[in-house]
Amino acid sequence: MSTTTTRGAARPAPAAVSPARPRRGPRGSSTLAFWVFTGPFLIGLLVFVYIPIGWSLWLSFFEARFTVTPDKFVGLDNYRQMLENSDFTRALVTFTVFAALIVPLTWAVSLGLALMVNRLRFMRAFFRSVFFLPTACSYVAASLIWKMSLFSGVRFGLMNTVLGWFGIDNIAWLANPDPPWYWLVIVTARLWLQSGFYMILFLAALQNIPPELYEAAAIDGARPGWQTFRHITLPQLRATSTAVILLLLVAAYQAFDEFFNLLSKTTWGRPPLVELYYTALGQAQDYGAGSAGAVILTLLICLVTLLQGRFMGFGRRDEAK
């Protein structure tokens, strides 16, 4: 080993330092793990959502009958055709009525269930599971149960059996548009299927309300019940209520399963998605007109959602008082 001399003292020469191996830091590992776990979902989102949306938008400007690779550009003719189609415009009115019925009913029922479950002191988990369980049920299965067992037009249906106890004749719930008893069937089916999900959202919001607010209200003389609900609970649920209403509106616009299974042989009760189904996948297979109708429906959903969010103050900062 070589030595060096400093002021007469011998010192060993410093050993040669080998270059260190580049190690992968925590940032590189986390980036790799992110792409490993999210990559398949992003690919699926691109292949099954974004590409079909872009392809549908492209098809809406072409004459696409019995083909998804058209070459004849027609501009806005497909949009004009759908807006002049009385069946499609009637379907838009149908879903507007459906949204006007189901959105406030579901909001009220889910909030009421959340308030009741939140006040329970025992078996809270049991009742929460019972009310949430219908959300796991298939919309198709629920529609068939409602159609064939509960609201069957014959005297063996449950509702007609109950009405028969009071001397009321059988009602053809789904056969005639006048009177429109079919709304009772559709609304109750959707109400039973989705109320439990929104109950969970309200229940989570209720449990995040600071109990000190209620204690301060009691000290100030506020009576429990409607007074505390109006001035404390409901304002604290404003953000959750807005999100629930927006989700309900979008879900109402996209209603398909219950309408298709309950009113598949009628033309007076079709919602927009059912009408688009028959337009694009019916005998004509007009994919261009069907795509144009889908774009119109999407724009209408976005417009109503933005107006609702604007009205409810969604995303607005609370001004400091």
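Remember, it's a predicted structure, so these values are computed and weren't measured experimentally.

*Asks:* Now, about the packing of helix H4 (residues 124-132) against helix H7 (residues 182-207): what can you tell me, with residues and values included?
*Replies:* Contact geometry of H4 with H7 gives a least axis separation of 8 Å together with a crossing angle of 145 degrees. Between H4 and H7, the contacting residues are Arg124, Arg128, Phe131 and Phe132 on the first element and Gly196, Phe197, Met199, Ile200, Leu203 and Gln207 on the second.

*Asks:* Which residues make up the side chain of Asn78, and what values do they have?
*Replies:* Looking at where Asn78 falls in the secondary structure, it is placed in helix H2 (residues 77-83). With a relative accessible area of 5%, Asn78 lands in the buried category. Looking at Asn78, its side chain comes within polar contact range of the main-chain oxygen of Ser60, at 3.0 Å. With near-sequence residues (within four places) excluded, Asn78 lies in contact with Leu59, Ser60, Phe61, Phe62, Gly288, Ala289 and Ala292.

*Asks:* Residue-level account of the pattern of salt bridges, with values.
*Replies:* Here the structure, examined in full by the defined rule, presents five salt bridges. Between Arg80 and Asp77 there is a salt bridge, with the nearest N and O atoms lying 2.5 Å from each other. Here Arg80 pairs with Asp77, and both are found in helix H2, just three residues apart, close to one helical turn. Among the residues examined, Arg80 registers a relative accessible area of 44% and is labelled partly exposed. For Asp77, a relative accessible area of 34% gives the class partly exposed. Two residues, Asp87 and Arg90, come together in a salt bridge whose shortest N-O distance is 2.5 Å.

Conventions we followed
Residues numbered from 1 in each chain as written. Predicted model: local features only at pLDDT ≥ 70, side-chain atom pairs only at ≥ 80, totals over all residues. Heavy atoms only, no water. Axes fitted to C-alpha atoms, helices over the stretch in contact; angles between N-to-C directions. Helix = DSSP H or I, 4+ residues; strand = E, 2+ residues; numbered from the N terminus. Contact = heavy atoms within 4.5 Å. Buried < 20%, exposed > 50% of the residue type's maximum accessible area, 1.4 Å probe, protein only. Polar contact = N/O pair within 3.5 Å; in protein donor to acceptor, adjacent residues only side chain to side chain. Salt bridge = Lys/Arg side-chain N within 4 Å of Asp/Glu carboxyl O.

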